[in-house]
Amino acid sequence: MQPKLKNYAHLHLIVFIWGFTAVLGKLITINALPLVWYRMLIASVLILGYIGLKKMSLRVAPKIFLILAAAGIVIALHWVTFFMAIKVSNVSIALATMSTGAFFTAILEPILYKRKIIWYEVLFGLLVILGLLVIFNVETQYGLGILIALMSSFLAAIFSLINGKLIQTEKPTIISFYELSSGVLFLSIFLMFQKGFTKEFFELSIHDWTYIFILASVCTAYAFIASVKVMRYISPYTVMLTINLEPVYGIALAYLFIGDSERMKPFFYIGALIIIATVVANGLIKNRAKFKKSSRE
């Protein structure tokens, strides 16, 4: 398998895992904030163990450390708002709304990466928004969930762009460790000020512990490092647009594991179809452009 194709296939596996992440978020009974705290803490410990096993150096430049810490706070807030959206609505609504990340990235990437705006990136981003509007118009009872998911989507776009820069110089495992540990430190400080570390906070059922461990290990420690690594070979915009397939995987998995509460109105699936078509169109145009460029060289 060609390296580029291998990385695209790996990216789709990661997105599939993230789709299952949303299902786990619905199955876990605790609130979004403690859920993310446990997720980041366990994942940080697992990654630290891997770093120790591989005898990697944790040394990074002070400037890079500050950027990693900021990115960790962003991803923590992204996950908290993402799971909040799932709790107040459902998996299907939260995942479909998260697809707006492509639109946010199309606007922000040219600013941070100092490149020209590509017209079809903006067009595809607007098509994703159109798909979202279709969904919103038929599922109005989930308005709050959609708004929270939009906030989460914006944070995800910022995070993706920050990591797109970091991966050029830093190792994925080190990036992941510092971001996750910074995120859990940020949440810990917030919880201490809110007096959130109560006895009940640490009393979890076996059911929740099992799902949280799967969430922290497979869906976070592995998927987090792998997603950062593929960004070395794939642009942040393409990564973000491919993540739009997360609703497809997640909605199918949610219906399989959760059942009728994830059954949506027909127009919801029309909106989702618009999003999927956008992903396919982006891939076709980018591949065609690269083929033309390589044929001229």
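The coordinates are above.
Small disclaimer: the values here were computed from a predicted structure and weren't measured.

Caption draft 1: Spotlight on the overall build of the protein chain. When helices and strands are counted, the protein chain shows 12 helices and zero strands. If you list the helices and strands of the protein chain from N to C, you get α-α-α-α-α-α-α-α-α-α-α-α. Counting only residues that meet the buried cut, the protein chain has 54% of its 297 residues in that class. Taking all contacts inside the protein chain whose residues are at least 6 apart in sequence as the whole, residues at least 24 apart take part in 89%. For the protein chain, the accessible area works out to roughly 14400 Å², and carbon and sulfur atoms hold 71% of it.

Caption draft 2: Here's a closer look at the nonpolar core. Residues Met 40, Trp 79, Phe 82, Phe 83 and Leu 187 are the most contacted members of the largest nonpolar core, which totals 74 residues. If you list the elements that add at least two residues to this core, you get helix 1 (3–27), helix 2 (32–54), helix 3 (62–88), helix 4 (91–98), helix 7 (143–166), helix 8 (172–193), helix 9 (206–230) and helix 11 (246–257). Per element, the largest residue contribution to this core is 12 residues, and it comes from helix 3. With near-sequence residues (within four places) excluded, Trp 79 lies in contact with Val 36, Arg 39, Met 40, Leu 180, Thr 220 and Phe 224. The next biggest cluster of nonpolar side chains, apart from the first, holds nine residues, and it includes Ile 146, Ile 251, Met 264 and Phe 268.

Caption draft 3: Structural context of the environment of Tyr 50. By the secondary structure assignment, Tyr 50 is in helix 2. Put simply, Tyr 50 and Thr 173 are 123 residues apart on the chain and 8.6 Å apart in space, counted from C-alpha to C-alpha.

Caption draft 4: Structural detail: helix 5 (residues 101–113). With 13 residues, helix 5 extends 17 Å between its outermost C-alpha atoms, agreeing within 8% with the 18 Å of an ideal straight helix rising 1.5 Å per residue. The complete set of buried residues in helix 5 reads Gly 101, Ala 102, Phe 103, Phe 104, Thr 105, Ala 106, Leu 108, Glu 109 and Pro 110. Just downstream of helix 5, Lys 114 is the residue with a positive phi angle, here 55 degrees.

Caption draft 5: Up close: the pattern of salt bridges. With the rule as written, the count across this model stands at one salt bridge. The salt bridge partner of Glu 203 is Lys 199, with a shortest N-O separation of 3.9 Å. Judged by its relative accessible area of 48%, Glu 203 is partly exposed. When its relative accessible area of 61% is taken as the criterion, Lys 199 is described as exposed.

Caption draft 6: Inspection of the packing of aromatic side chains at higher detail. All told, the structure shown has 15 aromatic pairs when counted by the stated rule. An angle of 65 degrees between the planes, with centres 5.4 Å apart, marks the rings of Trp 37 and Phe 197 as edge-to-face. Of this pair, Trp 37 sits in helix 2 while Phe 197 is found in the loop between helix 8 and helix 9, placing the two residues 160 residues apart along the sequence. Overall, Trp 37 belongs to the buried group, its relative accessible area being 9%. A residue is classified by how much of its surface remains accessible, and Phe 197, at 29% relative accessible area, is partly exposed. Taken together, a centroid distance of 5.3 Å and an interplanar angle of 85 degrees make the contact between Phe 104 and Phe 154 edge-to-face. Taken together, the residues Phe 104 in helix 5 and Phe 154 in helix 7 connect sequence positions 50 residues apart. With a relative accessible area of 18%, Phe 104 lands in the buried category. Each member of the aromatic cluster is reached from another via a ring pair, and the members are Trp 37, Tyr 38, Phe 197, Phe 201, Phe 202 and Trp 209. Above the face of the Trp 79 ring, Arg 39 is positioned so that its terminal group lies 3.8 Å from the ring centre.

Caption draft 7: Main features of the side chain of Ser 182. Tracing the backbone shows Ser 182 in helix 8. A distance of 2.6 Å separates the side chain of Ser 182 from the backbone oxygen of Tyr 178, its partner in a polar contact.

Caption draft 8: Molecular detail of helix 11. Across its 12 residues, helix 11 extends 16 Å between first and last C-alpha, which sits within 8% of the 16 Å expected from 1.5 Å per residue. Among the residues of helix 11, Glu 246, Pro 247, Gly 250, Ile 251, Leu 253 and Ala 254 are the ones counted as buried. Once helix 11 finishes, Gly 259 follows within two positions and takes phi at roughly 105 degrees, a positive value.

Cut-offs applied
Residues numbered from 1 in each chain as written. Predicted model: local features only at pLDDT ≥ 70, side-chain atom pairs only at ≥ 80, totals over all residues. Heavy atoms only, no water. Helix = DSSP H or I, 4+ residues; strand = E, 2+ residues; numbered from the N terminus. Buried < 20%, exposed > 50% of the residue type's maximum accessible area, 1.4 Å probe, protein only. Contact = heavy atoms within 4.5 Å. Areas by Shrake-Rupley, 256 points an atom, 1.4 Å probe, with all protein chains shown as cover. Core = buried A, V, L, I, M, F, W, Y, C linked by side-chain atoms within 4.5 Å. Expected span 1.5 Å × (residues − 1). Salt bridge = Lys/Arg side-chain N within 4 Å of Asp/Glu carboxyl O. Phe/Tyr/Trp six-rings, centres within 6.5 Å; stacked < 30°, edge-to-face > 60°. Lys NZ or Arg CZ within 6 Å of the ring centre and 35° of its normal. Polar contact = N/O pair within 3.5 Å; in protein donor to acceptor, adjacent residues only side chain to side chain.

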